[in-house]
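Take a look at the letters that make up each chain.
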Amino acid sequence: MNLRGQNRQLAINMIAQLVSFAVNFGISFVLTPYIVKTIGKEAYGFVGLANNFVSYATILTTALNSMAGRFITIFIHRDDFENANKYMSSVFWANVLVSLILVVPTVYCLISMSSLIQIPNKLLGDVTILWTCLFANFLIGNITSVFSVSTFVSNRLDIQSVTGIISNIVRAAFLVAVYYIFDAKVWYMGASTILCSILGISVNVYCTKKMLPSIHIQRKQFDFSCIRHLIASGIWNSVTKISSILSNGLDLLITNIFISAAAMGSISLAKNLPTYILSFLGSVSAVFAPQLTISYAKNNYDDIKRQLKSAINILGFISCIPITVMYAYGDIFFSLWVPGQDAQLLQLLGVISSLAFPFVLPLEPLWNIFTITDKVKQSSIFLIINSILTIVIVFIFLNFARSDFVKMLIIVGISTIFSIIRALFFLPIYGAKCLHFKWSTFYPPVLKSFVVTIILTALSIGLRKIFVINSWLTLLIACFITAAISVVINYFILLNHDERSFLKRKIFKKKGNL
């Protein structure tokens, strides 16, 4: 695929991700306050906690699955279909075995959950069903995960995005219906997750048959040496997963144990905006992964450098807008979104948990480097040390804290400090080293993005002092003004000449439009 074709597919994938995020956020934006009001803040907190426990379980499956897309993509683009079939089949049958083994600890966890965490007696049955749904969804998704490789290999991540849009609409319709017709239960959210997964799995299986006609999953093609190779490469991604959980994924569990279920609900609500922003930018950064992998398979390092710098510019262009809006108008948003909750507290917790974003988000595409180059060992070792220090320091500070408020600040704040350290002093340097680039290659664009975020936040806070923002309409107007100013400033400061030319051609449909 030539440069024009790459840019065209990148634009399609990115637009699809933007639309998918907008639909998903819009649905959650409408449903979350209703669900919190209906089932209560405490019950809602157990949804996030359940998802965290599922992420703990993925540690065991990450070693096998995290590198599958990389190897299968490289084999296919080198026309080595024999090995591609071996890896595809081996991953599928290994996942079947792993999921069957995981049934035992899953059942034990569900039976013993009341002794593991604090659950109000009135919510015990409801929460148990919720967790059963989410763990069942995880096991089914693990078995079928290899089918998602088809859209990655073909660089058609837009299909995944469209599927996500449809799934979220189905999920919203289901939740509205059951909450309207039946008594409010938190486990409905788990059931909606299974429903969406079934739709996504069906699309992935169909795409595999259509896009990869030369690939067939057969038991006779299972090769243990393929599994050994994948685990040898992917085991360090499991270590990375552990480090991510230690630094960010234990906050709700620690809050539940050291403070209360109510405090856990507050942190869960406060982290909604940061989580959505991080998830969104992570999905946008993922659209660069297929073409980076293809370029690496062809040993085109100049193209890789161009793609990565462009990716940092684009993510900086996009990320500073939601970051600025959250920093400037977060308390207003929470007061309107979940009335009755402490909007100032939610804003403070949300801002503290996202202070690393101006550095972290533009650099998200660099995480693809370690996978495509099969060099995740050193990065994993650094991350696990970083995360162990995070959790140790959190526990030390919690022992000295007396008020629940201070404890919450410690839980969300310490991980933010170490996230900044990872983003500034490891990721850009080691990423450049893996590709044999100069150590400072990726610093200029991310530092520009940071400066722009500070400028835009200051302007937005100034706008807030000029206009009274006390309703959804005035908040939307303020957000629109902030976004418009951001686009103009970012267009001239963050984007290079080629990226500006690309945008102009897309907007004005000039001759030569990609």
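Since this is a predicted model, take the numbers as computed values, not measurements.

## Here we look at the overall build of the protein chain
Move 1: Within the protein chain one finds 23 helices and zero strands.
Move 2: Scaling as 2.2 N^0.38, a compact globule of 514 residues should have a C-alpha radius of gyration of about 24 Å, and the protein chain matches this with 23 Å.
Move 3: Counting only C-alpha atoms and orienting by the principal axes, one finds that the protein chain spans roughly 60 × 55 × 45 Å.
Move 4: Per-residue burial for the protein chain yields a buried fraction of 55% across its 514 residues.
Move 5: Relative to all contacts within the protein chain whose residues are 6 or more apart in sequence, the contacts with residues 24 or more apart total 84%.

## Side note on the nonpolar core
Nonpolar side chains tend toward joint burial in soluble globular proteins.
Move 1: Residues Phe 46, Leu 49, Phe 53, Trp 131 and Tyr 329 are the most contacted members of the largest nonpolar core, which totals 121 residues.
Move 2: Counting residues per element, this core draws most heavily on helix α14 (residues 301–337), which supplies 20 residues.
Move 3: If you look at the next biggest cluster of nonpolar residues, it comprises 22 residues, including Ala 84, Met 88, Val 91 and Leu 212.

## Notes on unusual backbone geometry
Move 1: One non-glycine residue, Asp 79, adopts positive backbone phi at about 60 degrees.
Move 2: Considering the arrangement of structural elements, one finds Asp 79 in the loop between α3 (68–77) and α4 (81–116).
Move 3: One non-glycine residue with positive phi stands out, namely His 436, at about 65 degrees.

## A look at the packing of helix α11 (residues 261–270) against helix α15 (residues 343–353)
Between two packed helices, the angle of one axis relative to the other and the distance separating the axes together describe the packing.
Move 1: Axis separation between α11 and α15 bottoms out at 8 Å; the angle between their running directions is 65 degrees. α15 is crossed by α11, and the crossing has right-handed handedness. Side by side, α11 and α15 meet where Ser 266, Ile 267, Leu 269 and Ala 270 of the first sit next to Leu 346, Leu 349 and Gly 350 of the second.
Move 2: The residue makeup of the contact of α11 with α15, split by class, is five nonpolar, two polar and no charged.

## A word on the side chain of Ser 319
Move 1: You can see Ser 319 is positioned in helix α14.
Move 2: For Ser 319, a relative accessible area of 1% puts it in the buried group.
Move 3: Sequence-distant contacts of Ser 319, defined by excluding residues within four places in its chain, comprise Leu 281, Leu 361 and Pro 362.

## What about the confidence of the model for the protein chain?
Move 1: For the protein chain, mean pLDDT is 82; residues scoring 70 or higher make up 91% of the total.
Move 2: Note on residues 508–514: pLDDT under 50 across the span, and 12 contacts to partners over four residues away in sequence or across chains.

## Here's the deal with α11
Move 1: Extensive coverage of α11 is indicated by the burial of nine of its 10 residues.
Move 2: Those residues of α11 not exposed but buried are Ala 261, Ala 263, Met 264, Gly 265, Ser 266, Ile 267, Ser 268, Leu 269 and Ala 270.

## Notes on the packing of aromatic side chains
Move 1: Per the stated rule, a full pass over the model turns up 22 aromatic pairs.
Move 2: Ring centres of Phe 437 and Phe 442 lie 6.4 Å apart, and the angle between their planes is 65 degrees; this geometry places the pair in the edge-to-face category. Each member of the pair, Phe 437 as well as Phe 442, is classed as buried.
Move 3: One aromatic cluster in this structure is built from Trp 367, Phe 370, Phe 382, Phe 426 and Tyr 430.
Move 4: Over the aromatic face of Trp 93 sits the side chain of Arg 219, whose NZ or CZ is 6.0 Å from the ring centroid.
Move 5: Across from the ring centre of Phe 437, 4.6 Å away, lies the NZ or CZ of Lys 305, which sits over that ring.

## Structural notes on the pattern of salt bridges
Move 1: Enumeration according to the criterion identifies three salt bridges in this entry.
Move 2: Here Lys 86 makes a salt bridge to Glu 82, at a shortest N to O gap of 3.9 Å. Here Lys 86 pairs with Glu 82, and both are found in helix α4, just four residues apart, close to one helical turn.
Move 3: Its relative accessible area of 25% is what places Lys 86 among the partly exposed residues.
Move 4: Between Arg 306 and Asp 303 there is a salt bridge, with its nearest N and O atoms 2.7 Å apart. Here the residue Arg 306 and the residue Asp 303 both occupy positions in helix α14, the gap between them amounting to three residues, near one helical turn.
Move 5: On the accessibility criterion, Asp 303 (11% relative accessible area) is buried.

## As for the packing of helix α19 (residues 404–425) against helix α20 (residues 427–434)
Move 1: For the pair α19 and α20, interaxial distance at closest approach is 4 Å and the crossing angle is 35 degrees. Taken together, the residues of α20 that come into contact with α19 (itself represented by Arg 422, Ala 423, Leu 424 and Phe 425) are Leu 427, Pro 428 and Ile 429.

Cut-offs used in this document
- Residues numbered from 1 in each chain as written.
- Predicted model: local features only at pLDDT ≥ 70, side-chain atom pairs only at ≥ 80, totals over all residues.
- Heavy atoms only, no water.
- Helix = DSSP H or I, 4+ residues; strand = E, 2+ residues; numbered from the N terminus.
- Rg over C-alpha atoms; globule rule 2.2 N^0.38 Å.
- Buried < 20%, exposed > 50% of the residue type's maximum accessible area, 1.4 Å probe, protein only.
- Contact = heavy atoms within 4.5 Å.
- Core = buried A, V, L, I, M, F, W, Y, C linked by side-chain atoms within 4.5 Å.
- Axes fitted to C-alpha atoms, helices over the stretch in contact; angles between N-to-C directions.
- Left-handed = near helix turned anticlockwise from the far one by under 90°.
- Nonpolar A, V, L, I, M, F, W, Y, C, P; charged D, E, K, R; others polar.
- pLDDT = per-residue confidence, 0-100.
- Phe/Tyr/Trp six-rings, centres within 6.5 Å; stacked < 30°, edge-to-face > 60°.
- Lys NZ or Arg CZ within 6 Å of the ring centre and 35° of its normal.
- Salt bridge = Lys/Arg side-chain N within 4 Å of Asp/Glu carboxyl O.

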